[in-house]
Amino acid sequence: MSAMRRYLEFVARTPVLIVSLVVAVLLGAAFQTLPLVGEMLDVRQGYDHSEVMAAMEQFGEAGRRVYFWASASLDTLFPIAVFSLLAGLIFRLRPNERLSMLALVPVAGALFDFGENIQIMAMLAGYPGISTTQVAAASAFTQLKWLAINASFLLVIGLGATALLRRTLRARQER
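So, here's what we can say about the structure. Note that the structure is predicted; figures quoted are calculated from it, not measured.

## Some details on the layout of surface pockets
If a probe as big as a water molecule is rolled over the atoms, it shows which places are left empty.
Then, in step 1: Reported here for the largest pocket is a volume of approximately 450 Å³.
Then, in step 2: What lines the largest pocket is a set of 20 residues, among which Phe31, Asp42, Val43, Phe78 and Trp146 lie closest to the centre.
Then, in step 3: Of all elements in the fold, only helix 2 (14-32), helix 4 (74-93) and helix 6 (132-174) reach the threshold of two or more residues within the lining of the largest pocket.
Then, in step 4: Ranked by residues supplied to the lining of the largest pocket, first place goes to helix 4 with five residues.
Then, in step 5: Its residues assigned to classes, the lining of the largest pocket shows twelve nonpolar, three polar and five charged.

Written as structure tokens, this is what we have:
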């Protein structure tokens, strides 16, 4: 059995799903308490060089340090929790074994999120010497992350609705 298969079976277990949800909610709440002036780049759908430079200036030196620390810690744990929850739900809700690969969509999302975090930390550390190429790379990771998040939620909703429909039809047939 592959390591990815073991991971997906692990994150699809009910206690792991519950812990992932609780951790994601707690970390999401922790982000709200960060002493930052302005919107984090992570929550945007994308950005360009001028937007990044304006945000970096708005954060100030202390805010950039806080954001760097948050990216290295909270925003490393947050995608692990969120994307593990989504992967576990997709894997658990899949109607057949062939669709197991759909659970890799949130796994890819986590990798894009980690790439985004690395790029944002590099920009925070390198400010004001941030190139347009670096911003483009960071923004691309951000856009891919959001694409994976949206696709993952759509998969959870679609697979959940399918599972509910199948359960309802089975219950009717048994009557």
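The rest of the description comes next.
## Notes on the pattern of salt bridges
Then, in step 1: Summed over the entire model, instances satisfying the criterion amount to six salt bridges.
Then, in step 2: A salt bridge links Glu116 to Lys145; the nearest nitrogen and oxygen atoms lie 3.2 Å apart. In this pair, Glu116 sits in helix 5 (residues 104-126) while Lys145 sits in helix 6, placing the two residues 29 residues apart along the sequence.
Then, in step 3: The exposure class assigned to Glu116 is buried, which follows from its relative accessible area of 0%.
Then, in step 4: Judged by its relative accessible area of 4%, Lys145 is buried.
Then, in step 5: Taken together, the shared-partner salt bridges connect Arg5, Glu9, Arg94 and Glu97 into one network.

## A short note on unusual backbone geometry
Then, in step 1: In this chain, Tyr127 is followed by Pro128 through a cis amide linkage whose omega measures 10°.
Then, in step 2: Positionally, Pro128 belongs in the loop between helix 5 and helix 6.

## Structural notes on the packing of aromatic side chains
Then, in step 1: For the structure shown, the criterion picks out two aromatic pairs.
Then, in step 2: Here the aromatic rings of Phe31 and Phe78 are separated by 5.6 Å at their centres, their planes lie at 80°, and the arrangement is edge-to-face. With Phe31 in helix 2 and Phe78 in helix 4, the pair connects residues that are 47 residues apart, well separated along the chain.
Then, in step 3: Residue Phe31 is classed as buried on the basis of its relative accessible area, which comes to 15%.
Then, in step 4: The class for Phe78 is partly exposed, based on a relative accessible area of 24%.
Then, in step 5: On the numbers, 5.2 Å between centres and 90° between planes, the contact of Phe59 with Tyr67 is edge-to-face.
Then, in step 6: With a relative accessible area of 0%, Tyr67 lands in the buried category.
Then, in step 7: It is Arg94 that lies over the ring of Phe91; its NZ or CZ is 3.8 Å from the centre.

About the criteria used
Numbering of residues begins from 1 in every chain and follows the order in which that chain's sequence is written. Local features in this predicted model are restricted to residues of pLDDT 70 or higher, and side-chain atom pairs are both shown and tallied only at a pLDDT of 80 or more, whereas totals for entire chains, interfaces and linings draw on every residue. Only hydrogens and water are removed before side-chain values are computed, so all heavy atoms of the structure are retained for them. The rule is simple: put a 1 Å grid over the protein atoms alone, call a set of points where a 1.4 Å probe fits but cannot get out a cavity, call an open set with protein on both sides within 12 Å along at least five of seven lines a pocket, and count a residue as lining if it has an atom within 4 Å of a point. Grid points are joined across faces, edges and corners, and a volume is the space filled by probe spheres set on the points. In DSSP terms, a helix is any run of H or I states spanning at least four residues, a strand is any run of E spanning at least two, and both are numbered starting from the N terminus. In this classification, the charged set is Asp, Glu, Lys and Arg, the nonpolar set is Ala, Val, Leu, Ile, Met, Phe, Trp, Tyr, Cys and Pro, and all remaining amino acids, among them Gly, are polar. Whenever Lys or Arg places a side-chain nitrogen within 4 Å of a carboxyl oxygen from Asp or Glu, that contact is recorded as a salt bridge. In this scheme, a residue with accessible area under 20% of its type's maximum is buried, one over 50% is exposed, and one in between is partly exposed, where area comes from a 1.4 Å probe on protein chains only. Ring geometry is summarised as follows: Phe, Tyr and Trp rings, the Trp one being its six-membered ring, pair when their centres sit within 6.5 Å, and such pairs are stacked at plane angles under 30 degrees, edge-to-face over 60 and tilted between the two. Cation placement over rings: the criterion is NZ of Lys or CZ of Arg within 6 Å of the ring centroid and within 35° of the ring normal.

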